[in-house]
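# Coordinates in review
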Amino acid sequence: MKTQVLPVTESSLAMAAKIINDGGLVGMPTETVYGLAANALNAQAALRVFEAKGRPADNPLIVHAAEVEEIPPLVRAIPEAARRLMDAFWPGPMTLILPKADCIPKEVSAGLDTVGIRLPKSRAARALIRAAGCPIAAPSGNRSGRPSPTTAQHMLEDMDGRIPLILDDGPCEVGVESSVIDATGEVPVILRPGGITPEMVQAVLGRVSVDEHVMSPLAEGDVARSPGMKYRHYAPKAKTVIFEGERDRVIAAICARYDAATAAGERVAILGFDEHDFGGRTRISLGHAGHPQDAAARLFAALRELDERGETLALCEAVDTAGIGLAVMNRMGRAAAFDIEHV
Ligand code: TXA
Ligand code: MG
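Please read these numbers as outputs of a predicted model, since none were measured by experiment. (Residues numbered from 1 in each chain as written. Chains lettered and ligands numbered in written order. Predicted model: local features only at pLDDT ≥ 70, side-chain atom pairs only at ≥ 80, totals over all residues. Heavy atoms only, no water.)

### A short note on the sheet that holds strand E11 (residues 209–210)
One open sheet accounts for 11 strands, arranged E1-E8-E2-E3-E7-E4-E6-E5-E9-E10-E11; its pairing is mixed. At either margin of the open sheet sits one strand with a lone partner, and together these are strand E1 (4–7) and E11. As defined by bridge partners, strand E9 (residues 179–182) adjoins strand E10 (residues 189–192) across three bridges and the pair is classed as antiparallel. By the bridge assignment for E10, Val180 is matched with Arg192. (Pairing = 2+ DSSP bridges. Helix = DSSP H or I, 4+ residues; strand = E, 2+ residues; numbered from the N terminus.)

### Remarks on the environment of Ser122
Position of Ser122 relative to the elements: it lies in the loop between strand E6 (114–118) and helix H5 (123–132). Classification of Ser122 as buried rests on a relative accessible area of 8%. For the pair Ser122 and Pro91, spaced 31 residues apart in the sequence, the C-alpha separation amounts to 8.3 Å. Each residue touching Ser122, except ones within four places of it in the same chain, is listed here: Pro29, Thr30, Glu31 and Asp169. At 3.3 Å, the side chain of Ser122 and the backbone nitrogen of Ala124 are in polar contact. (Buried < 20%, exposed > 50% of the residue type's maximum accessible area, 1.4 Å probe, protein only. Contact = heavy atoms within 4.5 Å. Polar contact = N/O pair within 3.5 Å; in protein donor to acceptor, adjacent residues only side chain to side chain.)

### A closer look at the packing of helix H3 (residues 80–89) against helix H7 (residues 198–205)
Axis separation between H3 and H7 bottoms out at 10 Å; the angle between their running directions is 115°. Note that H3 runs across H7; the crossing there is right-handed. Where H3 abuts H7, its residues Ala81, Arg84, Leu85, Ala88 and Phe89 lie against Met200, Val201, Val204 and Leu205. Residue composition of the contact of H3 with H7, grouped by class: eight nonpolar, no polar and one charged. (Axes fitted to C-alpha atoms, helices over the stretch in contact; angles between N-to-C directions. Left-handed = near helix turned anticlockwise from the far one by under 90°. Nonpolar A, V, L, I, M, F, W, Y, C, P; charged D, E, K, R; others polar.)

Scope: geometric values only; no functional claims are made or implied.
Rendered as structure tokens:
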């Protein structure tokens, strides 16, 4: 199969909608990351998503809609707190876990009694959902275990020959996947941080809870509240270490480790901020210090670049966990298997 990459136009949207209506798969831009889109009401199409990604069968897909009115038939209930989050943050980078209605096939929910629902803000995504006329199941468009794609080119790297079409809407604005919030109980719990931050949820509901595994690995015997927590994600081939602490000490520790590793024959790159002076050592930019949205938008591309360059060791500057910084540190932490040095 040849994979076409086309800009978003009326005719490419019509092509994409036809592929989805025929049970096929399409690369869909969203404001977070590119997704691998399928008809969410078609069990066979959902199975194709798992196959194309190489995704474990127990990791559910999230379902995307274009309008709030399309949600009630997809779920059995919308608790009050969920309703308030929907009003505040949709359309936008937030997925709510709700009790699943029967029309969502078990292939989509991976056998769970719940389903993740999201109303993306991206105009291209919403246009595709409208053109297809059905809810769209879309995990991130990477092969399982790889960083999520934030450009059509990244998605092509992973899906070339596996799907007929990727719609190209340029680089994703947010750059990390949506916040996943379990809204089935009285107090919503953030299972995966993203563009809708704990502070934003707190401001709307007056309370917020963040799952303990957002910043720590699952230990033997721990139960994952979200299947995605179980899997090693975003892992570059390079061993990845995060340095956290006062800025000058972090820079000094990174430079010292860089020099020792280089002397030992490693290929090393730093993931660091533009304003910080690493003395000409190889650096992949995380954007401006103090702008965690920069790091969010650049992190996945930086992880891909490590592999392209054949680096064997990556030394990363930590980001403050306020705001979207928590999402950055969650993804960076998982890429590093939570190998964090406090200096
Ligand atoms: O921003 C996004 O959310 C992107 C774009 C394409 O919308 N999609 C995305 O999907 O990141 P995916 O499948 O890569 O990540 C969804 C995460 C997984 O970690 C999965 O385990 C979790 O959400 N999830 C999905 N349904 C769930 C459920 N019913 N209960 C708990 N966790 C769920
Ligand atoms: Mg994913």
